[in-house]
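One letter stands for each residue in the lines below.
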Amino acid sequence: MTEPKFVYVTYIATTPEKLWQALTDGAFTEQYWFGTRIESDWTLGARVSFSRNDKVSDYGVVLECEPPRRLSYSWRVEFHEEFRHERPSRVTFEIEPMPAKLGGKRSEAKLTVIHDDFDDGSKVFRAVSGGWPLVLASLKSLLETGGGLKSASVDALKAAEERALAAARGAAA
Amino acid sequence: MTQPSFSPEKFRPKTVYVTYIASTPEKVWEALTDPAFTKQYFAGFAIDVEPRQGGAFLLRYPDGRVHMSGRVVEWSPPRRFSCTWLVEGMPDFRELPECLVTYDIEQAGGAVKLTMTEAHSWDVPDEILAGGRAGWPAILSSLKSVLETGKPLDIRMEPPKEMMEAVKQAIAEKPWLR
């Protein structure tokens, strides 16, 4: 049995530097992550806090930080009672510049998100597998159009997480 | 041509990619099925599809040659578009069994959820799946950009080397006949 691992790749018309800022600046994350501020001083071992409406929901620790190419932190999910007994998992962001085609003017960045280090049967894993595509789609929209996906999508995010959780419960039953 | 024994229940999902687009289901449907759209985001390929179940499906190179052929398995605008895919344009690949590609379109809050599912009828090695796993994120990221900004992305892609080797080996061994 392979251990649960979530991998998602997206391409964004932006620079690695702007993408890095979008991942590490709380004022930015709040705009596309449906109100979630992610804050840290982004040094190795520093605390990472996730908050919504000034209330800390989750936290973690910086594991790797190589701006603007690679960022990794542990993540302990606290916001939902069902998740609290699980040990922290790990999320890693890899940013690769994609040079413009010959004669092209626009550069793009490839973003790979890897979320792993879960125990078998992790409910957090099932929930984040539903949530990441929405968060990353909103991030891409924000960087390319200046606006994240509409706030109505907060409900979609919750629905995606709930569906994944319900599937996990079904699989466990 | 679709193989005479075609039956969708034999196909198992191997690669799934989900994205959310600030658009309407009707626009997403159009982007998936209209050649003027696919040319922009799908590596220059123009879709040529008979809009009905059982209809012919083609993806053409810019010069008109056929890259991919297949049959429409489901045509339910603007919710679900599913067809078989057989690679015609690359010599080794045309001996591989067809796969089944399904797009599901759903309203999700203020956005549209698009789910692409690539399903196979045989135990495809990861090295061959790597082609789609590298390609779909680029294609569907570009589709999202076209719908939201009017501009596609500009991503250069080569099929992974290990994929070409794995295709040769699969054709030699034909594991799907076992």
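As the structure is a prediction and not an experimental result, all values here were calculated from the model.

K.L.:
Hey, could you run me through the interface of chain A and chain B in this one?
P.N.:
Quoted interface sizes are often the accessible area lost when the parts come together. Chain A puts 27 residues into the contact, and the matching count from chain B is 26 residues. Of the roughly 2100 Å² buried where chain A meets chain B, counting both sides, 55% is carbon and sulfur surface. The interface formed by chain A and chain B holds zero salt bridges in total. Counting only elements with at least two residues in the side of chain A that touches chain B, the list comes to β1 (6-12), α3 (123-145) and α4 (153-172) of chain A. Ranked by residues supplied to the side of chain A that touches chain B, first place goes to α3 of chain A with eight residues. Looking at the side of chain A that touches chain B residue by residue, the classes come out as 15 nonpolar, five polar and seven charged.

K.L.:
Any chance you could explain the environment of Thr15 of chain B here in plain terms?
P.N.:
All names here are of chain B. In this fold, Thr15 is placed in strand β1 (residues 12-21). The sequence separation of Thr15 and Glu162 amounts to 147 residues, and the corresponding C-alpha distance is 18 Å. A distance of 3.1 Å separates a polar atom in the side chain of Thr15 from a polar atom in the side chain of Arg133.

K.L.:
Explain the sheet that holds strand β2 (residues 46-49) of chain B to me, please; I cannot follow it from the model alone.
P.N.:
Note on sheets: strands pair through backbone hydrogen bonds, and any given pair is parallel or antiparallel. All names here are of chain B. Strand order across the open sheet formed by seven strands is β1-β7-β6-β5-β4-β3-β2, with antiparallel pairing between neighbours. Bordering the open sheet on either side are β1 and β2, each of which pairs with just one other strand. Averaged over all adjacent pairs, the angle separating strand axes in this sheet is 25°, with direction ignored. Packed on one face of the sheet, helix α1 (residues 25-33) meets β1, β2, β4 (66-76), β5 (80-87), β6 (99-108) and β7 (111-120) and runs near 160° to β6.

K.L.:
Would you mind showing me how to read the pattern of salt bridges here?
P.N.:
Pairs can form between side chains of opposite charge whenever their charged atoms are close. All names here are of chain A. Enumeration according to the criterion identifies 20 salt bridges over all chains in this entry. A salt bridge links Asp117 to Arg87, with the nearest nitrogen and oxygen atoms 3.2 Å apart. One end of the pair, Asp117, is in the loop between β7 (108-116) and α3; the other, Arg87, is in the loop between β5 (70-75) and β6 (89-98), and 30 residues separate them in sequence. Since its relative accessible area comes to 27%, Asp117 is described here as partly exposed. Of the residues examined, Arg87 reaches a relative accessible area of 38% and is grouped as partly exposed. Here Arg90 ties to Asp116 by a salt bridge, and the two come within 3.0 Å at their closest N and O atoms. Placement of the pair is Arg90 in strand β6 and Asp116 in strand β7, with a sequence separation of 26 residues. Here the salt bridges do not stand alone but share partners, grouping Glu30, Arg37 and Glu39 into one network.

Basis of the calculations
- Here the residue numbering is sequential within each chain, running from 1 through the sequence in written order.
- Chains carry letters from A onward and ligands carry numbers from 1 onward, assigned in written order.
- Selection of residues for local features in this predicted model requires a pLDDT of at least 70, selection of side-chain atom pairs for listing and counting requires 80 or more, and totals for whole chains, interfaces and linings are taken over all residues.
- By convention in this description, side-chain values take in all heavy atoms of the structure and omit both hydrogens and water.
- Contacts were defined at the residue level, with two residues in contact if any of their heavy atoms lie within 4.5 Å.
- Each of two parts loses accessible area, computed with a 1.4 Å probe, when they are put together; buried area is these two losses added.
- Put simply, a salt bridge is a Lys or Arg side-chain nitrogen that is within 4 Å of an Asp or Glu carboxyl oxygen.
- Each helix corresponds to a stretch of at least 4 residues labelled H or I by DSSP, and each strand to a stretch of at least 2 residues labelled E; elements are numbered beginning at the N terminus.
- Each residue is assigned to one class: nonpolar for Ala, Val, Leu, Ile, Met, Phe, Trp, Tyr, Cys and Pro, charged for Asp, Glu, Lys and Arg, and polar for all the others, Gly among them.
- Under the rule applied, a polar contact is a pair of N or O atoms within 3.5 Å (in protein, one hydrogen donor and one hydrogen acceptor; residues adjacent in sequence only if both atoms are side-chain atoms).
- Strand pairing requires that DSSP identify at least two bridges connecting the strands.
- Fitting a line to C-alpha atoms yields each axis, with helices limited to the stretch in contact; the angle taken between N-to-C directions then spans 0 to 180 degrees.
- Burial classes follow relative accessibility: with a 1.4 Å probe on protein chains only, a residue under 20% of its type's maximum area counts as buried, one over 50% as exposed, and anything between as partly exposed.

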